[in-house]
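Single-letter residue listing:
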Amino acid sequence: TTGTNACKANAATAAPFNASLAIQGYSDNCLGPVTATLTNTVVTGTDCNWTVTYTFSVLDECNNALTNRTYSNTGSDQTPPAITCASGSPFTRGTTLGYCGYIVSGTEFNATASDLCGGAVTITNNFNLTNTLANDTLPTGTTNIIWTATDACGNSSSCTIMVTVNDGENPQVFCKIGKGLDFDGTNEYVTVADNAVLEGMGALTVMGWMKIDALPV
């Protein structure tokens with residue numbers, strides 16, 4: 001047989017010796033029945049491409065034996081690795097203080113994976129193309145993060161989490177500290193152009209004083 005889905009360690013179990021198949025093409029000159037007896041099993045290759053070779057003897061009803069006959073089965077690991085995303089999705093986080101996004105804490109959003117054949121599994125995500133989001137910054141809004149696990153044979157599986165980052169930090173206003181305006185009462189003033197625009201957000205309150213030389217009578 002060919003194309004059996006199994007790990008190398010399970011090859012002989014997944015594609016076992018079949019005596020009926022083994023005797024195909026053999027016959028006895030006395031026209032009696034023949035049987036096959038397994039004498040040895042050898043598995044070669046890797047999880048991704050293995051071959052199990054059976055050595056057997058063909059016997060007639062008088063136990064005359066034709067020894068060292070062989071046939072083979074082939075297969076590979078075709079099962080995707082098992083991947084598990086962090087539980088709790090969809091997640092909601094607030095922005096990290098001083099940042100316009102959320103800095104991921106350790107492995108809180110990381111996925112884990114294992115392979116049926118026990119081989120190495122590579123995990124990546126579509127956000128930063130690495131195996132972890134630790135210390136990366138997620139932007140405000142909703143981000144869908146797809147985790148993908150791939151085994152040594154190229155089999156892959158995926159899972160997705162959703163992280164929403166809300167901007168919960170109040171805006172900050174930074175004023176330049178410097179010399180104030182000194183008025184001595186002699187033709188000093190501040191000119192503001194028509195339709196002047198104040199850069200920034202929110203309201204601005206201006207407090208000041210006015211010197212009046214004389215009041216109308």
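Structure shown above.
What you are looking at is a predicted structure, and each value in this text was computed from that prediction instead of being measured.

Criteria and thresholds
Residues numbered from 1 in each chain as written. Predicted model: local features only at pLDDT ≥ 70, side-chain atom pairs only at ≥ 80, totals over all residues. Heavy atoms only, no water. Helix = DSSP H or I, 4+ residues; strand = E, 2+ residues; numbered from the N terminus. Buried < 20%, exposed > 50% of the residue type's maximum accessible area, 1.4 Å probe, protein only. Contact = heavy atoms within 4.5 Å. Areas by Shrake-Rupley, 256 points an atom, 1.4 Å probe, with all protein chains shown as cover. Pairing = 2+ DSSP bridges. Axes fitted to C-alpha atoms, helices over the stretch in contact; angles between N-to-C directions. Core = buried A, V, L, I, M, F, W, Y, C linked by side-chain atoms within 4.5 Å. Disulfide = S-S within 2.5 Å. Lys, Arg positive; Asp, Glu negative; His and termini not counted. Salt bridge = Lys/Arg side-chain N within 4 Å of Asp/Glu carboxyl O.

1. With respect to the overall build of the protein
At step 1: Scanning the protein for helices and strands turns up two helices and 12 strands.
At step 2: Each helix and strand of the protein, ordered N terminal to C terminal, gives the series β-α-α-β-β-β-β-β-β-β-β-β-β-β.
At step 3: The buried share among the 217 residues of the protein stands at 25%.
At step 4: Pairs at least 24 apart in sequence give 56% of the contacts found in the protein among residues at least 6 apart.
At step 5: With an accessible surface of roughly 15,000 Å², the protein has 53% of that area assigned to carbon and sulfur atoms.

2. Overview of the sheet that holds strand β6 (residues 91-94)
At step 1: With mixed pairing, four strands are arranged side by side in an open sheet as β6-β12-β11-β9. Each edge of the sheet is formed by a strand with only one pairing partner; in this case those strands are β6 and β9 (121-125). Strand-to-strand twist of the sheet, defined as the mean angle between neighbouring strand axes without regard to direction, takes the value 25°.

3. Brief notes about the nonpolar core
At step 1: Phe109, Leu138, Ile145, Trp147, Ile161 and Val163 are the most contacted members of the largest nonpolar core, which has 18 residues in total.
At step 2: Of all the elements in the fold, those that place two or more residues in this core are β11 (141-151) and β12 (156-166).
At step 3: No other element matches the four residues that β12 contributes to this core.
At step 4: Among the nonpolar cores identified, the runner-up in size contains 13 residues, and Ala11, Ala36, Trp50 and Val58 belong to it.

4. Concerning the sheet that holds strand β3 (residues 49-60)
At step 1: Here we have four strands laid out as an open sheet, ordered β1-β4-β3-β2, and mixed in their pairing. The outermost strands of the open sheet, each flanked by one partner alone, are β1 (4-5) and β2 (34-46).
At step 2: Pairing of β3 with strand β4 (residues 65-76), which is carried by nine bridges, proceeds in the antiparallel orientation. Counted as the bridge partner of Val58 is Leu66 from β4.

5. Digging into unusual backbone geometry
At step 1: The residue after Ser89, namely Pro90, is reached through a cis peptide bond having omega 5°.
At step 2: As for its placement among the helices and strands, Pro90 is situated in the loop between β5 (82-84) and β6.
At step 3: Of note, Asn68 is a non-glycine position whose phi angle comes to about 60°, a positive value.
At step 4: Position of Asn68 relative to the elements: it lies in strand β4.
At step 5: The backbone of Leu129 shows a phi angle near 60°, a positive value even though the residue is not glycine.
At step 6: By relative accessible area, which is 66% here, Leu129 ends up exposed.

6. Observations regarding the state of the cysteines
At step 1: In the structure shown here, the tally under the stated rule is three disulfides.
At step 2: Between the sulfur atoms of Cys48 and its disulfide partner Cys153 the distance amounts to 2.1 Å. Judged by the sign of its S-S torsion, about -90°, the cystine formed by Cys48 and Cys153 is left-handed. With a gap of 105 residues between them, Cys48 in the loop between β2 and β3 and Cys153 in the loop between β11 and β12 connect regions that are remote in the sequence.
At step 3: Taking relative accessible area as the criterion, Cys48 reaches 32% and is therefore assigned partly exposed.
At step 4: Cys153 sits in the partly exposed class, given a relative accessible area of 24%.
At step 5: Between the sulfur atoms of Cys85 and its disulfide mate Cys159 the distance is 2.0 Å. For the disulfide bridge between Cys85 and Cys159, the dihedral angle about the S-S bond is near 95°, and by the sign convention the bridge is right-handed. Of this pair, Cys85 sits in the loop between β5 and β6 while Cys159 sits in strand β12, placing them 74 residues apart in sequence. For the pair shown, Cys85 and Cys159 are each scored as buried.
At step 6: The closest cysteine sulfur to the non-disulfide-bonded Cys62 is located on Cys30, 6.5 Å from its own sulfur.

7. So, the side chain of Asp28
At step 1: Its location among the elements puts Asp28 in the loop between α2 (19-22) and β2.
At step 2: Put simply, Asp28 is tucked away with no salt bridge, and the nearest opposite charge, on Arg69, sits 14 Å away.
At step 3: The residues contacting Asp28, other than those within four sequence positions of it, are Val34 and Asp60.

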